[in-house]
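# Residue-level structure breakdown
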Amino acid sequence: MHNGLVAIPADIRTFDGYTWHAAPDQYVRAAVKGSGVLPVVVPALEDGVDVDMLLDRIDGVLITGSRTNVHPSLYGEEATEAHGPFDPARDQISMALIRRAIERSIPLLAICRGIQELNVALGGTLANEIQELQGRMDHRKPETENWDEAFAIRHSVKVKEGSCLASIVGEGEISVNSLHRQAISRLAPRLAVEAVAEDGTIEAVSVLDAPGFAIGVQWHPEYWVGSDEISDKIFAAFGEAVRACHARPAQAAE
Ligand SMILES: N[C@@H](CCC(=O)NCCCC(=O)O)C(=O)O
């Protein structure tokens, strides 16, 4: 039995010559198995989604990772080939859902591209090709077609004492996977850093003064739900927040 509906904004992809609105299976299954909720994939219709009508019926928002990058014009930078590939429709629907979910205290879990969209949606910026920056590790997806190897746990991050994430997984060092070329550069004003990698890369944030669950992580807890304690705790906490939202009396959007 599922308790609560969770919106997952789709990417625009092309398979078999058709354009698809698609979300990766690992996030859908993690939402069901790890959070006990029913995911609803939201089409990336650039101007065609009434976000408030949707959120009137939604109890949580889960923002997935993607190989594409947030368009740099959304954080005041010129787009170059190195910033691509892009998915402007995904940018549009994802950031609209993020902003409105925060305003309406609807639980939000933003993963990898999702934490980057969260930061940009609230006024922050991103750094590109971080492995080329002085002192940074290589956070990119390993060169392998074996998915378990690609998503293998491979570096530590330090969870800040007293953070929202610490209340879920505990403070101190945890081990995470890593599949990204970008990362938060200027932190958005309304975000608090929750975890940092040993090279200074911001690995988790929360929304300051958010009454509910509003967390972004740069790694991929969805992939190891069911076999990794940290991943299980994150998705279980998200599920609890979604069920609490589902139990709230219906509130029309202000
Ligand atoms: N494109 C962004 C975000 C990375 C991300 O979401 N990775 C998940 C997909 C991993 C893969 O299949 O390559 C960045 O690179 O920082």
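Residues numbered from 1 in each chain as written. Predicted model: local features only at pLDDT ≥ 70, side-chain atom pairs only at ≥ 80, totals over all residues. Heavy atoms only, no water.

Let us now look at the pairing of strand β6 (residues 108–111). Burial of β6 is two-sided: the residues L108 and A110 facing one way and the residues L109 and I111 facing the other way are all buried. Inspection of the sheet shows strand β5 (residues 60–63) paired to β6 by 3 bridges, in the parallel sense. Within the sheet, the bridge partner assigned to I63 lies in β6 and is A110. (Buried < 20%, exposed > 50% of the residue type's maximum accessible area, 1.4 Å probe, protein only. Helix = DSSP H or I, 4+ residues; strand = E, 2+ residues; numbered from the N terminus. Pairing = 2+ DSSP bridges.)

Moving on, we come to the packing of helix α3 (residues 88–103) against helix α4 (residues 113–121). Packing of α3 against α4 leaves a shortest axis separation of 9 Å and a crossing angle of 70°. Viewed along their axes, α3 and α4 adopt a mutual orientation that is roughly perpendicular. Considering only the axes of α3 and α4, their crossing is right-handed. Across from R90, D91, S94, M95, I98, R99 and I102 in α3, the residues of α4 making contact are R113, G114, E117, L118, V120 and A121. (Axes fitted to C-alpha atoms, helices over the stretch in contact; angles between N-to-C directions. Parallel < 35°, antiparallel > 145°, perpendicular 65-115°, else oblique. Left-handed = near helix turned anticlockwise from the far one by under 90°. Contact = heavy atoms within 4.5 Å.)

Right, let's get into the pattern of salt bridges. According to the stated counting rule, one finds 13 salt bridges in the structure shown. Across the pair R100 and D52 runs a salt bridge, and its minimum N-O distance is 2.8 Å. Residue R100 is found in helix α3, and its partner D52 is found in helix α2 (residues 51–55); the two are separated by 48 residues along the sequence. By relative accessible area, R100 is classed as buried at 16%. The residue D91 makes a salt bridge to R113 at a minimum N-O spacing of 2.8 Å. Highlighted residues: D91 in helix α3 and R113 in helix α4, separated in sequence by 22 residues. Look at R113 and you get buried, because its relative accessible area is 1%. In this structure, a network of salt bridges that share partners links the residues D11, R90, D91, R113 and E117. (Salt bridge = Lys/Arg side-chain N within 4 Å of Asp/Glu carboxyl O.)

Our next topic: a nonpolar patch on the surface. A cluster of nonpolar side chains, F15, Y18 and W20, forms an exposed patch at the surface whose accessible area comes to about 350 Å². Under the relative-accessibility criterion, Y18 is labelled exposed at 57%. (Patch = residues over 30% accessible without salt bridge, like charges linked within 9 Å, V, L, I, M, F, W, Y side chains within 5 Å. Areas by Shrake-Rupley, 256 points an atom, 1.4 Å probe, with all protein chains shown as cover.)

Moving on: the site of the ligand. Taken together, 14 residues are adjacent to the ligand, and S66, R67, T68, N69 and Q182 come closest. Contact distances for the ligand include 2.8 Å between an oxygen atom and a side-chain N or O atom of R67. Within the backbone of Q182, an N or O atom sits 2.8 Å from an oxygen atom of the ligand. Out of a free accessible area of 430 Å², the ligand has 91% covered by protein chains. (Near = heavy atom within 4 Å. Polar contact = N/O pair within 3.5 Å; in protein donor to acceptor, adjacent residues only side chain to side chain.)

So, on to the pairing of strand β8 (residues 155–159). Counted residue by residue, β8 has 4 buried out of 5 residues, so it is predominantly covered. In this structure, β8 lies alongside strand β9 (residues 172–176), joined through 5 bridges in antiparallel fashion. By the bridge assignment for β9, V157 is matched with I174. Pairing of β8 with strand β11 (residues 191–197) involves 3 bridges; the strand directions are antiparallel. Within β11, the position partnered with V159 by the bridge is A195.

With 35 residues, the main nonpolar core has V61 and L118 as its most contacted residues. At the level of elements, α2, β5, α3, β6, α4 and β12 (202–207) are the ones that each hand at least two residues to this core. With 7 residues, the single largest contributor to this core is α3. I8, L62, I111 and A166 belong to the second largest nonpolar core, which has 33 residues in total. (Core = buried A, V, L, I, M, F, W, Y, C linked by side-chain atoms within 4.5 Å.)

So, on to the packing of helix α1 (residues 25–35) against helix α7 (residues 229–247). It is the contact of α1 with α7, at a shortest axis distance of 8 Å, that shows an interaxial angle of 80°. Between α1 and α7, the interaxial angle falls into the category roughly perpendicular. Residues A30, A31, G34 and S35 of α1 lie in contact with α7, whose contacting residues are F235, A236, F238, G239 and R243. Classifying every residue of the contact of α1 with α7 by side-chain character gives 5 nonpolar, 3 polar and 1 charged. (Nonpolar A, V, L, I, M, F, W, Y, C, P; charged D, E, K, R; others polar.)

A few words now on the environment of H139. Relative to the elements of secondary structure, H139 occurs in the loop between β7 (126–127) and α5 (147–150). When near neighbours in sequence (up to four residues on either side) are disregarded, H139 contacts I130, R154, H155, S178, L179, H180, A197, D199, T201 and E203. A distance of 2.8 Å separates a polar atom in the side chain of H139 from a polar atom in the side chain of D199. A distance of 3.3 Å separates a polar atom in the side chain of H139 from a polar atom in the side chain of T201.

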